[in-house]
Every structure is written in C-alpha cells, then in structure tokens.
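Given next are the chains, with one letter for each unit.
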Amino acid sequence: MNPSQKLRKLVAEGYQLTPEAFSFLNSLEDIDSVIDRILSSGTSKLILSIDDIKDIIKKEENIEVTAEIDELDKEKMKIDEQEKKETISQTSVSEEVENDVVIEEQPLQTKEEEHQTSVRKEQVSSDLKVIYSPKVTQTVASAESFRQYFKNRFEVINSYFSKRRDIKNRVSTSDLEPNKNRDNVSLVAIVTKIQNTRKGNVIIELEDLEGTVISLIHVSKPDLVQSSQFILEDSVLCFVGSWRNKLLNINEVLWPDIPYTHKPNYSYEEVLALHISDIHVGSKNFAGKLFHKAINLINGTLQDEKYNKVGEKIKYLFVAGDVVDGIGVYPGQKDDLMLDNIQLQYHLATEYFDQIRKDVEIVIIPGNHDGARSAEPQTPIQKEFAQNLFELDNVHLLGSPCYLKAHNVEIMLNHGNSILDINAAIPAIPHETSIPAMREMLKNRHLVPIYGKRTPIAPTPTDELIISRIPDIFHTGHTHIAGDDRYKGVLLLNSGTFQYQTSYQKSMNINPTTGLTYIVNLKNLERSKINFNEIN
Ligand SMILES: [Fe+2]
C-alpha cells in the first residue's frame, strides 16, 4: 500500500486531519507505519492535529515492549495455525468430504444472488450523455450585456407562449394606444415591478421589446390578488385583460409552465441513482461518518445486507453542488473550518470519491461553496482547486445547471442558489422548504427568475438559466433541507446535506436534514428516502 492509499484508509475509517497534520504526515519518511499506528491506536478523536499524532507515536513507543510480546504471540499463533493446517492435510478422505459439505451448507440463495450480482455488474454498462453544461466563457457585467441577456430571456419565453393555442388576441405594448380601449387582450411581458397598494390593489409594471405599461389587479378579484403573490419580478408572464385609460386591467395571469402532456422517460432496465449534495468537506460540521456510509452503500459494504443489495444496483451518483465548504464564502467562515485551504478540502473529498467502485458514474456540479464561478450559470469546479478529482476517470465535473440523459432518463441538475430568493419573495412559501420554489422555477421556466437579490447572474449572450428542456428528474441542493414531490410528471428532489447544523444555521433557526437523501429507480422513476443516520 503506498502512502496515498494509506491516507485513504485513514479517511475511510472516518478520521480527518487538520491542514498542519496533513502536511506533517506527508513530511514523514515512515508515513506508512505512522498511519498504521494511528489506525491501531483506537483513538476516539476523529479530527487529528499534529499533537494528536505525536501523542499516538509516543504512546506506541511506550508500549513497544508489549507490542513485541504481542508480535511474539502472533508468531506463535501463526506457527500453531500452520501446524493445524499440516494436520488437516494429513486427515482422511472422509473428513475432506465433510469439510466440503460444510461449504455446501452455505445458503444456496446467497450463492445465486452473488452470482447474479457479479453477472449484473458486468451487464449494466453505463449510458450517460451530457446534453448541456455551461461552457467557461468570459462575461462582462455591463448595462449592455444585461440588456442583451434580458432581451434573450424575453424572446425565448415569449416563443413558448406563442406555441400555446389557449392564448388569444396577442398584443405588444405598442399596440396599447392611450385613447383606444381594447378588451380581452393578451400581453407577454417581463415584470419589472410589483407592489400592493394600501387599498389592496396590486400594481404591476410590465415591459416588452416595444415599451412599458402599467397594469392592475383590482381588489375586487380576491383569487387573482391571492395568486399575484406568486408573480416574481423579472419573470416573463402572459397577462390577459382589458386596456382602459392607459391601464391594463388584469383578469388572468398565465405562467409559461410545463405542459400537462409531458410524459416522463424511463430506463429500459432496472438501474438506480443516488442523489446527494452539500457534502461540505473541510467544514468542522462535515458529517464524515454518514458520508462514508453512503459510500459503503454504493460499494455494498454496509453491515446491513438489505441495503447492500440495493447499493449494488446503483449505477449513478449525482452530486448537486457544495462538495467542499470553500473559503471566504461568508464572514467568519474561518472559525467553522477544519481545513482552511480549498485544495486540501478537495484533496480530502477526492479521497472519499476515490473509494467508490469504479463502475459508478459520478456527476458533480458546483454549488456556491465550490471553487467555480459563483454567478449562475456556474461553470464546472476549476482544475486548479481540485487537481486530484479531475484524475478520477468515473468523475464528471460539469456546470450548473446541466442537463443529462442517464439510461434514457433526462435529469436537470442545479445547485438551487435561487431557492432562498424565491422563498423570500413569495409569502405563501415557508422559509425552510425547497420543493415549492422548485415548482415555481418550472412554472416560470427559469432557474433564477429574480435578478438582483442573493443569486448573482452572469449576463451570458443567451439566457442559459431558462429551463429549455423538460426534465424527468429535477435535482437541487443548497437549502440543506431534503424534500421530494412530483409536478406534472417531473420528479422533484432536494438531496439535503452531509453537514451538521452550523452556528450560522442555528442563529437562523435552520434545521438541516443531515444524512437524509434519495435513491431513484430509473426504470419507474420511483424514489426512496434513505436516512444514513438509521443505517449501520
Ligand atoms: Fe450547501
């Protein structure tokens, strides 16, 4: 075993190292034997500092004599074992047959299942296609680039409305002349401002490529007033109403949405996908033991055989961002870090991913904590931060959002940076949820419908945040709150986290669902909740 493999073993046992301890270990000539000593020390500490390692070495030296005695005992046992074997080889034929019978007494079913598993592993080959992932491009955040960006947003979503037969009397703002009243017109426009008046009316400012108009939802239409709380600024919607006295009186609001006719795609064979996110390696609150259970599940090495049988069928691991905790993501983050160097964070994360069996395809997109462009669309994690991760053949580092096809099932991955902006903008959505905001993204056909809040947007020439393809699975993370639902045939998943509650989350009364996530059977798109806290 080379030093890297030894370090991996240390990580596999649930230990983590401070950056200093990591450098110290790497500087040792006898790193192998020191790691062995740590592993055999039985220390209850999971985060090891240099002092911890030195203590272990010292303790080991003190008990050297005892170890030598143990060694002698082991040698003696080996000799005894050898003598026993020699005795067995001299036994009669009938005893050998008896020995064979003992082997045959292994449950037949287990042997068959073992055979099936090995056959299955050979038969299920990967079928993964990347449909879209953001390319690394330079964007200049100028007034003109944002004008171009929003123009494209309007044009693309307007084209979705153009295909709908339920929309009659389409007009643009230039058709709405001051002295010419018109009934039952449909205007597709971008919402530039929305506000509620003291009397309970809702004023919405609208803009299209021709100009701007003011529209009104009158207080006498309570259902419409109620649904107006779901109208997000900067989204492109269709407003149906009457044009009177320079005001569009709204009778109906239509969202671009996804059609009811959407029929999900299914895999042609049974194959499972594990969906995870927000691992936050490098954080003091990283739940390493729970994450290691997820790896054991995939590898079929959990104590619980029932789960191992499930794990063997996992072909895909989707990671929806925040692989590491990163550096300088929020004020005072340094105090929450176990590793305050992003390269070391990815080094440790790679040690985990490298333990996963190599026939599993691992797709990783970035989150706001990762070493990637923070503005959406996020480009893939940069090689300069995660060199080792790039060297794993079964790891695919893509941007956010990305669209994939795995075993014929279309999956849209996005970290979900804008979920909290949407939750804050819509009073009807509880703060500690993920799924309602994901539903709004699909309704708006946009992953970051609101501009100018906490989710930065890179003004790419075309709006790559428009949900241009209807996925079968829409997977996000970010909130650290797992959730699942189905919306018009699309399976919505938020895969929670492998990080325990941080002091910041505690102050915000956010209770993460640590170690709780989902497995999806791609053959029928049925999801199963899996709680690693309850698995041995
Ligand atoms: Fe996160």
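In this text the structure is predicted, and so the values were computed from the model without any measurement. (Residues numbered from 1 in each chain as written. Predicted model: local features only at pLDDT ≥ 70, side-chain atom pairs only at ≥ 80, totals over all residues. Heavy atoms only, no water.)

Caption draft 1: The packing of aromatic side chains, seen in detail. With the rule as written, the count across this model stands at 12 aromatic pairs. Summarising the aromatic geometry, the rings of Tyr316 and Phe318 are spaced 5.9 Å apart at their centres and angled 10° between planes, so their arrangement reads as stacked. Tyr316 gets classed as buried once you look at its relative accessible area, which sits at 0%. The exposure class of Phe318 is buried, given its relative accessible area of 0%. Three or more aromatic residues joined by ring pairs make a cluster, and in this case those are Phe286, Phe291, Tyr352, Phe353, Phe498 and Phe532. Between Lys443 and the ring centre of Trp255, over which it is positioned, the NZ or CZ distance is 4.3 Å. The cationic tip of Lys488 hangs over the ring face of Tyr260; the distance from NZ or CZ to the ring centre is 4.0 Å. (Phe/Tyr/Trp six-rings, centres within 6.5 Å; stacked < 30°, edge-to-face > 60°. Buried < 20%, exposed > 50% of the residue type's maximum accessible area, 1.4 Å probe, protein only. Lys NZ or Arg CZ within 6 Å of the ring centre and 35° of its normal.)

Caption draft 2: Fine view of unusual backbone geometry. At the junction of Glu376 and Pro377, the peptide bond is cis and its omega measures out at 0° in the coordinates. Its place among the elements puts Pro377 in the loop between strand 12 (361-365) and helix 13 (387-390). For the bond from Ser400 to Pro401, the omega torsion is 10°, close enough to zero to count as cis. Mapped onto the elements, Pro401 comes out in the loop between strand 13 (395-397) and strand 14 (402-406). (Helix = DSSP H or I, 4+ residues; strand = E, 2+ residues; numbered from the N terminus.)

Caption draft 3: Seen up close, the coordination of the iron ion. The protein atoms that coordinate the iron ion are Asp278 (OD), His280 (NE2), Asp322 (OD) and His480 (NE2), at distances of 2.0 to 2.3 Å. In this structure, the iron ion is surrounded by 4 donor atoms whose angles at the metal cover 87 to 179°, and the resulting shape is irregular. Sequence spacing among the residues donating to the iron ion works out to D-x1-H-x41-D-x157-H. Remark: Asp322 occurs in the loop between strand 11 (314-320) and helix 12 (342-353) and Asp278 occurs in the loop between strand 10 (272-276) and helix 10 (288-299); sequence separation between them is 44 residues. Across this residue pair, the class does not change: Asp278 and Asp322 are buried. (Donors = N, O, S within 2.8 Å, 3.2 Å for Na, K, Ca; no water. Tetrahedral: all angles 85-135°; square planar, octahedral: opposite > 155°, others 65-115°.)

Caption draft 4: Seen up close, the sheet that holds strand 10. With respect to topology, 6 strands assemble into an open sheet ordered 13-12-11-10-19-20, the strand pairing being mixed. A single partner strand is all that each edge strand has here, and the edge strands are strand 13 and strand 20 (526-531). Between one strand axis and the next, the sheet turns by 20° as a mean value, whatever way the strands run. By the bridge criterion, 4 bridges tie strand 10 to strand 19 (residues 516-521) in an arrangement that is antiparallel. Its bridge partner lying in strand 19, Leu274 is registered against Ile519. (Pairing = 2+ DSSP bridges. Axes fitted to C-alpha atoms, helices over the stretch in contact; angles between N-to-C directions.)

Caption draft 5: Expanded view of the nonpolar core. Ranked by size, the top nonpolar core spans 43 residues in total, and within it Phe291, Leu317, Phe353 and Ile364 carry the most contacts. When neighbours within four sequence positions are excluded, Phe291 is seen to be in contact with Ile276, Ile279, Phe286, Tyr352, Phe353 and Phe498. Among the nonpolar cores identified, the runner-up in size contains 38 residues, and Ala437, Met441, Ile450 and Tyr487 belong to it. (Core = buried A, V, L, I, M, F, W, Y, C linked by side-chain atoms within 4.5 Å. Contact = heavy atoms within 4.5 Å.)

Caption draft 6: Structural context of the pairing of strand 19. The element strand 19 is largely enclosed, with a buried count of 6 among its 6 residues. Alternating positions in strand 19 separate into two faces, Leu516, Tyr518 and Val520 on one and Thr517, Ile519 and Asn521 on the other, with burial throughout. As paired elements, strand 19 and strand 20 share 6 bridges and run antiparallel to each other. Bridge assignment links Asn521 to a residue of strand 20, and that residue is Glu526. The hairpin formed by strand 19 and strand 20 contains 4 residues between the paired strands, and Leu525 there has a positive phi angle of roughly 60°.

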